[in-house]
Amino acid sequence: MTTLLLIETATAVCSVALADEEGIRAELHTSQPNSHSSQLSPYIKQLLDKCCVQPSQLDAVCVSSGPGSYTGLRIGVSTAKGICYALGIPLLSVPTLQSMAAQYFTLHPDYTGLVCPMIDARRMECYTAIYASPTHVLKAVDADIITPGIYDTYLDRGEVTFIGDGAEKTRPILGAHPNARYVDDFLISAAGLHTLALNKLKRNEVEDVAYFQPYYLKDFVAKKSVVRGLH
């Protein structure tokens, strides 16, 4: 039985899961802001203890690769790389927006429309893509400034479900279209990595532990310190 550790830290949610071919064995998550650095490692230990799994029994680690929060991605990827290096096991990565779409399709197996995962990139910008299935992307990942009619090409064809922490702010702009659907209770989860990670491991599509980097999409820009005496 293949045992996978799944790590999702691309947004404000810190989520980890333990999985195998039969499904998700256990999961822990929190939406508490700025909790990735303090909660990720304890969550991993709690999961392993809960499932009576030794670190040496892990077959691979899969991490959500972005786009998303610069700090969150850096913490998740560095933790995953450290575990893989120490144990000598494969590192897998799955694009964050793809894992969100996969999660939605898994939870709604009868859904036949499109899914547009959205990650808030501040102001009216979102990291987005559009999927017809977990592996069929119709619109490639990009940082879109949401304006009226931006997705009408897809909405005019049928139902599009908008999910993620960037979706709600687009509702006043896109929600009037009769084919636009919004999900208020969607929460990004490490569980969305599961099937995609298993398939990647079977195809031996692994990352180079030494050189793999998250997909930030946009350059990180440090803000000027507001603390007196720091410039």
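Reading guide: rules and limits
Residues numbered from 1 in each chain as written. Predicted model: local features only at pLDDT ≥ 70, side-chain atom pairs only at ≥ 80, totals over all residues. Heavy atoms only, no water. Helix = DSSP H or I, 4+ residues; strand = E, 2+ residues; numbered from the N terminus. Rg over C-alpha atoms; globule rule 2.2 N^0.38 Å. Buried < 20%, exposed > 50% of the residue type's maximum accessible area, 1.4 Å probe, protein only. Areas by Shrake-Rupley, 256 points an atom, 1.4 Å probe, with all protein chains shown as cover. Lys, Arg positive; Asp, Glu negative; His and termini not counted. Charge placed at Lys NZ, Arg CZ, Asp CG, Glu CD. Pairing = 2+ DSSP bridges. Salt bridge = Lys/Arg side-chain N within 4 Å of Asp/Glu carboxyl O. Polar contact = N/O pair within 3.5 Å; in protein donor to acceptor, adjacent residues only side chain to side chain. Contact = heavy atoms within 4.5 Å. Axes fitted to C-alpha atoms, helices over the stretch in contact; angles between N-to-C directions.

On a plain count of helices and strands, the chain comes out with six helices and 10 strands. The C-alpha radius of gyration computed for the chain amounts to 18 Å, which stays within 12% of the reference 17 Å derived for 231 residues, consistent with globular compactness. Overall, the C-alpha framework of the chain stretches about 55 × 50 × 30 Å when taken along its three principal axes. Per-residue burial for the chain yields a buried fraction of 50% across its 231 residues. Counting only carbon and sulfur atoms, one obtains 51% of the accessible surface of the chain, whose full area is about 11,700 Å². Positive and negative side-chain charges in the chain, numbering 19 and 23 respectively, have mean positions lying 9 Å apart.

When you tally the buried positions in strand β2 (residues 14–20), you get seven out of seven residues, the bulk of the element. Burial of β2 is two-sided: the residues Cys14, Val16, Leu18 and Asp20 facing one way and the residues Ser15, Ala17 and Ala19 facing the other way are all buried. Strand direction decides the pairing type here: strand β1 (residues 4–8) and β2, joined by five bridges, are antiparallel. Residue leucine 4 lies in a different strand from β2, and its bridge partner there is alanine 19. Linking two consecutive strands that pair antiparallel, namely β1 and β2, is a turn of five residues. Relative to strand β3 (residues 23–30), β2 runs antiparallel, the two being bridged by seven bridges. By the bridge assignment for β3, serine 15 is matched with histidine 29. Joining the antiparallel neighbours β2 and β3 is a turn of two residues.

Moving on: the side chain of lysine 200. Looking at the element boundaries, lysine 200 is found in helix α6 (residues 194–202). Buried lysine 200, no salt bridge; nearest opposite-charge side chain is glutamate 207, N-O distance 4.5 Å. From its side chain, lysine 200 meets the backbone oxygen of serine 93 in a polar contact 2.7 Å long. Look past the residues within four positions of lysine 200 in its chain and what remains in contact with it is Leu92, Ser93 and Glu205.

Below, the discussion takes up the sheet that holds strand β10 (residues 180–182). If you walk across this open sheet you meet the five strands as β8-β7-β6-β9-β10, and the pairing is mixed. Across the chains shown, the open sheet's two edge strands, defined by having one partner strand only, are β8 (136–145) and β10. Across this sheet, the average inter-strand angle for adjacent strands is 20°, counted without regard to direction. Sheet topology note: the strand β7 (residues 125–133)/β8 ladder contains seven bridges and is antiparallel. Residue threonine 128 lies in a different strand from β8, and its bridge partner there is aspartate 142. Most of the contacts of helix α3 (residues 96–107) go to strand β6 (residues 114–120), to which it runs at about 135°, and overall it touches β6, β7, β8, β9 (160–163) and β10.

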